[in-house]
Amino acid sequence: MQATVMRPVEIDGFVTFTLAILLLFIGKGLTARIGWLRRYSVPEPVVGGMFCAAVVCLLYYGFDVRVDFTLEARDTLLLYFFAAIGLNSDVKMLGHGGKALVVLIVLASSFMFLQNLVGMAVAGAFGMDARAGLMVGSISLTGGVGTTMAWTPHFVEQLGIAGAGEIGLAANMIGMIAACVIGGPVAGYLMRRHRLQPSHDAGLEIGALHEDEFSKRIDYHGVLLAMLWLNLTLMLGHGVSALIASTGLNLPQFVGCLMAGIALRTMGNLFRPNGGRLWNWQSMQPGVALISDVSLGIFLTMALMGLQLWVLQPMLGFIGTAMVLQILLVIVFTVLVVFRWMGRDYEAAVVCAGFGGISLGSTATAIANMSAVTREYGNAPRAFIVVPLVCGFFIDLVNALVIGSMAG
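Residues numbered from 1 in each chain as written. Predicted model: local features only at pLDDT ≥ 70, side-chain atom pairs only at ≥ 80, totals over all residues. Heavy atoms only, no water.

1. Points about the overall build of the protein
Thought 1: Counting its regular elements, the protein contains 14 helices and two strands.
Thought 2: Put simply, the protein has 408 residues, and 53% of those count as buried.
Thought 3: Residue pairs in contact within the protein that sit at least 24 positions apart in sequence constitute 81% of those at least 6 positions apart.
Thought 4: Element-wise, carbon and sulfur atoms account for 66% of the exposed surface of the protein, whose accessible area totals about 18,100 Å². (Helix = DSSP H or I, 4+ residues; strand = E, 2+ residues; numbered from the N terminus. Buried < 20%, exposed > 50% of the residue type's maximum accessible area, 1.4 Å probe, protein only. Contact = heavy atoms within 4.5 Å. Areas by Shrake-Rupley, 256 points an atom, 1.4 Å probe, with all protein chains shown as cover.)

Spelled out as structure tokens, the structure:
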């Protein structure tokens, strides 16, 4: 009997990008029509992206067709998103969020040790080198794909752990999906349980309230200014990233864009506090928020539609056990510890929505979860200062030290 030959189907970058836009519309449509998706603040890009991932998985198993998307645009969209977060960050706000920033760094750093201990315990229980458990710990979950790929050669070549990269990537896939799913429901539970009052402030850091989504007004000049300064931020961000890399630190490229955006916003406020022809924050802020929202939505859609769920099959026992425990640990830690220490208010609930992204998925996932909650209940400016700084800069530094000390 002749073996079935897998038929690869390559989708080029332009078609992939266009399909991602369509899937985002599908996600928005389903979220608007299915009450529980909106009630639990499931991000719209997650709905569209996972719909595509499920269809691709069905084609793989049912029709022996492997669909590969070209995803170069995804990384550029992430840079635009963090450039916008940087431009939107007024350093004056750090004074208001200073204590919260320190507290969240301590909480996230402490959680990484718990995360790694759970992963190492499960690896030992499955008869594996306990250090393989780090690949289902802070390497893949807190660190993400970039950290996973950066540490894979050390685990394979120095520690002799075969398949370390595949384990880490599979854990990251599950973690990112779980982070997208649990963020909104956790925040919703906390708001109901503690009778928190939402802000109903329509001046969101990203996007607009659901009811204002089609009525938010922007102007041509403001959008043009937003495009100019976002591009300048990306250009400066590449230089900052190169400077960081020259010191030997291995940080994601979006960190440079985040820092560049903060620097440009600070200089603009310093030299043109009342605005000018080429710098007018009040005019360009709606355009920056719009571009940020679109970039995040398409990025997350592309990240999820590109998931190849079938790669999980050979390692389902170990990875499944580890991830169930990790997800439960995140939920319990978020509800009982993070919410309490972040202030037990609406801002704390929004931070909790993002903590799953910090500890299970990615910075973009954290912001997407927070954005989904604030679009329903109103702005949380402190959360949008604290979480990106913790995710995008401090956590990567701390994670490198934690991994180094526990990997041996």
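2. Looking at a positive patch on the surface
Thought 1: Where like charges cluster on the molecular surface, the positive patch consists of Arg193, Arg195, Arg340 and Arg344.
Thought 2: Mapped onto the secondary structure, Arg340 falls in helix 11 (residues 316-341). (Patch = residues over 30% accessible without salt bridge, like charges linked within 9 Å, V, L, I, M, F, W, Y side chains within 5 Å. Salt bridge = Lys/Arg side-chain N within 4 Å of Asp/Glu carboxyl O. Lys, Arg positive; Asp, Glu negative; His and termini not counted. Charge placed at Lys NZ, Arg CZ, Asp CG, Glu CD.)

3. Concerning unusual backbone geometry
Thought 1: Phi is positive for Asp64, close to 55 degrees, though the residue is something other than glycine.
Thought 2: You will see that Arg344, though not glycine, has its phi angle at about 55 degrees, which is positive.
Thought 3: On the secondary structure map, Arg344 appears in the loop between helix 11 and helix 12 (346-360).
Thought 4: Exposure remark for Arg344: the relative accessible area of 47% places this residue in the partly exposed category.

4. A few points about the nonpolar core
Thought 1: With 125 residues, the main nonpolar core has Leu104, Phe155, Met342, Leu360 and Val387 as its most contacted residues.
Thought 2: Excluding anything up to four places from it in sequence, Phe155 contacts Arg131, Leu134, Met135, Ile139, Gly160, Ile161, Ala164 and Ala407. (Core = buried A, V, L, I, M, F, W, Y, C linked by side-chain atoms within 4.5 Å.)

5. A look at the pattern of salt bridges
Thought 1: Evaluation of the coordinates by the stated rule reveals seven salt bridges.
Thought 2: Asp68 is the partner of Arg66 in a salt bridge, and the nearest nitrogen-oxygen pair spans 3.2 Å.
Thought 3: For Arg66, a relative accessible area of 31% gives the class partly exposed.
Thought 4: Taking the relative accessible area as the measure of exposure, Asp68 reaches 15% and is therefore buried.
Thought 5: As a salt-bridge pair, Asp75 and Arg74 come within 3.7 Å of each other at their nearest N and O atoms.
Thought 6: The structure contains a network of salt bridges with shared partners spanning Lys28, Glu44, Asp293 and Arg375.

6. So, the environment of Ser295
Thought 1: Counting through the fold element by element, Ser295 comes out in helix 10 (residues 281-305).
Thought 2: Ser295 gets classed as buried once you look at its relative accessible area, which sits at 5%.
Thought 3: C-alpha of Ser295 to C-alpha of Arg74: the two residues are 221 residues apart in sequence and 8.8 Å apart in space.
Thought 4: When residues no more than four places from it in sequence are discounted, the contact partners of Ser295 are Leu77, Tyr80 and Phe81.

7. Overview of the pairing of strand 2 (residues 65-69)
Thought 1: A large share of strand 2 lies buried, amounting to four of its five residues.
Thought 2: As judged from the five bridges shared by strand 1 (residues 7-11) and strand 2, these two strands associate in the parallel manner. Each residue of the ladder has a partner; that of Pro8, found in strand 2, is Arg66. (Pairing = 2+ DSSP bridges.)

8. Overview of the packing of aromatic side chains
Thought 1: According to the stated counting rule, one finds eight aromatic pairs in the structure shown.
Thought 2: Consider the rings of Trp279 and Trp281, whose centres lie 6.3 Å apart with planes at 20 degrees: the pair is stacked.
Thought 3: With a centroid separation of 5.8 Å and 25 degrees between ring planes, the pair formed by Phe333 and Phe355 is classed as stacked. Remark: Phe355 occurs in helix 12 and Phe333 occurs in helix 11; sequence separation between them is 22 residues.
Thought 4: Here the aromatic residues Phe111, Phe333 and Phe355 are joined through ring pairs into a cluster of three or more.
Thought 5: Between the NZ or CZ atom of Arg265 and the centre of the ring of Trp281, over which it lies, the distance is 4.2 Å. (Phe/Tyr/Trp six-rings, centres within 6.5 Å; stacked < 30°, edge-to-face > 60°. Lys NZ or Arg CZ within 6 Å of the ring centre and 35° of its normal.)

9. Concerning the side chain of Thr301
Thought 1: Position of Thr301 among the secondary structure elements: in helix 10.
Thought 2: With residues up to four places along the chain from it excluded, the contact list for Thr301 reads Ala20, Leu23, Leu24, Pro45 and Gly49.

10. Examining a nonpolar patch on the surface
Thought 1: A cluster of nonpolar side chains, contributed by Leu228, Leu232, Met235 and Leu278, occupies part of the molecular surface with about 380 Å² of accessible area.
Thought 2: Taking the relative accessible area as the measure of exposure, Leu278 reaches 58% and is therefore exposed.

11. Things to note about the packing of helix 4 (residues 72-87) against helix 10
Thought 1: Look at helix 4 against helix 10: their axes get within 8 Å of each other, and the N-to-C directions meet at 145 degrees. Regarding helix 4 and helix 10, the two cross each other, and that crossing is left-handed. Taking contact as the criterion, the partners of Ala73, Arg74, Leu77, Leu78, Tyr80, Phe81, Ala84 and Leu87 in helix 4 are, on helix 10, Trp281, Val288, Ser292, Ser295, Leu296, Ile298, Phe299, Met302 and Ala303.
Thought 2: Along the lines of polarity and charge, the residues of the contact of helix 4 with helix 10 split into 14 nonpolar, two polar and one charged. (Axes fitted to C-alpha atoms, helices over the stretch in contact; angles between N-to-C directions. Left-handed = near helix turned anticlockwise from the far one by under 90°. Nonpolar A, V, L, I, M, F, W, Y, C, P; charged D, E, K, R; others polar.)

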